[in-house]
Amino acid sequence: MTMQLSLKDKTAIVTGAASGIGKEIAETYAKAGAKVAIADLNLDAANAVAEAINKAGGRAMGVAMNVTDEAQVNAGCEAVAKAFGPVDILVSNAGIQIVNPIENFAFADWKKLLAIHLDGAFLTTKAVLPGMYAKNGGVVIYMGSVHSHEASKLKSAYVTAKHGLLGLARVLAKEGGPKGVRSHVICPGFVRTPLVEKQIPEQAKELGISENDVIKNVMLKDTVDGEFTTTADIANLALFLAAFPTAALTGQSIIASHGWCMN
Ligand code: NAD
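All of these numbers come straight from a predicted model, not from anything done at the bench.

1. Re the pattern of salt bridges
Pairs may arise between side chains of opposite charge once their charged atoms sit close together. For the coordinates displayed, the defined rule picks out eight salt bridges. A salt bridge links Glu 51 to Lys 55, with the shortest nitrogen-to-oxygen separation between them at 3.6 Å. In this pair, Glu 51 and Lys 55 both sit in helix α2 (residues 43-55), four residues apart, roughly one turn of the helix. Glu 51 gets classed as partly exposed once you look at its relative accessible area, which sits at 45%. On the accessibility criterion, Lys 55 (70% relative accessible area) is exposed. Residue Glu 197 pairs with Arg 192 through a salt bridge whose shortest N-O separation is 2.8 Å. For Arg 192, a relative accessible area of 43% gives the class partly exposed. Ionic contacts of the salt-bridge type, sharing partners, join the residues Lys 8, Asp 9 and Arg 59 into one network.

Quick look at the structure:
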């Protein structure tokens, strides 16, 4: 079967799509023909992304959604299915970063980060699965990280959460396989989004080095080309996975990190 990178008339929800990686995935999916819901905590920014997609000839809607809030997740997913038809593709992408050594890591920060990454992935998956099972088809993509496979100093909660997503994806692959639903984890290296821009001065302070050294000697040290991974790198991979015609890749994580991690 020759593969076509088309998502014509598919319904997709991308969480955290008002910014960064999620935004570029939403734009890429819309260009490939999908109807895309931009689900984000920041509704104004989500609406702006949706409006730009619609102006460019695509189909998109902004949805207010705190992915840690079960009622908001369920209401948002329902609204999308009503407007665009049953959800075919979920990209669970919303995320934050908090850096601190373990001994200084506030328990409240630990719980907040785990809730956004893990509760968010669980709740959005749970909300779309009945619709996917009903039509025996669906794709769920979790935004992991190289930190799903590697550890870095200062990132205890993030590394724990990103490792955890591998487990959820593997269980979904097994439960969903017989019902036509597959799962994937995308594991980006450092992508220069607001999430990463914020970390550069924070890490410089914590590690006692310059911001330039954080970029060169921490973030990009092990890449093969000294380059950041781009939002386009990740959006193209997300398109490939969503359009892939079979379950051959289900349950797996795919790393896109310019050679930083080759597990
Ligand atoms: P970003 O800060 O540019 O965008 C994150 C978006 O998530 C924002 O629009 C924000 O409003 C939204 N969000 C935050 N909390 C939310 C919540 N509770 N409910 C709904 N939306 C919420 O960040 P990004 O770099 O594009 O990151 C997107 C994902 O990619 C995250 O899961 C992140 O961990 C992952 N990731 C990023 C990098 C990187 O280097 N930037 C690398 C690997 C993985």
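After that view of the structure, there is still more to cover.
2. Brief notes about the site of the ligand
Close to the ligand lie 28 residues, the nearest being Ser 19, Asp 40, Tyr 158, Val 191 and Thr 193. Separating a nitrogen atom of the ligand from a side-chain N or O atom of Asn 66 is a distance of 3.0 Å. Here an oxygen atom of the ligand and a side-chain polar atom of Tyr 158 are 2.6 Å apart. For the ligand, whose free accessible area comes to 830 Å², the fraction covered by protein is 92%.

So, how was this worked out
- Residues numbered from 1 in each chain as written.
- Predicted model: local features only at pLDDT ≥ 70, side-chain atom pairs only at ≥ 80, totals over all residues.
- Heavy atoms only, no water.
- Salt bridge = Lys/Arg side-chain N within 4 Å of Asp/Glu carboxyl O.
- Helix = DSSP H or I, 4+ residues; strand = E, 2+ residues; numbered from the N terminus.
- Buried < 20%, exposed > 50% of the residue type's maximum accessible area, 1.4 Å probe, protein only.
- Near = heavy atom within 4 Å.
- Polar contact = N/O pair within 3.5 Å; in protein donor to acceptor, adjacent residues only side chain to side chain.
- Areas by Shrake-Rupley, 256 points an atom, 1.4 Å probe, with all protein chains shown as cover.

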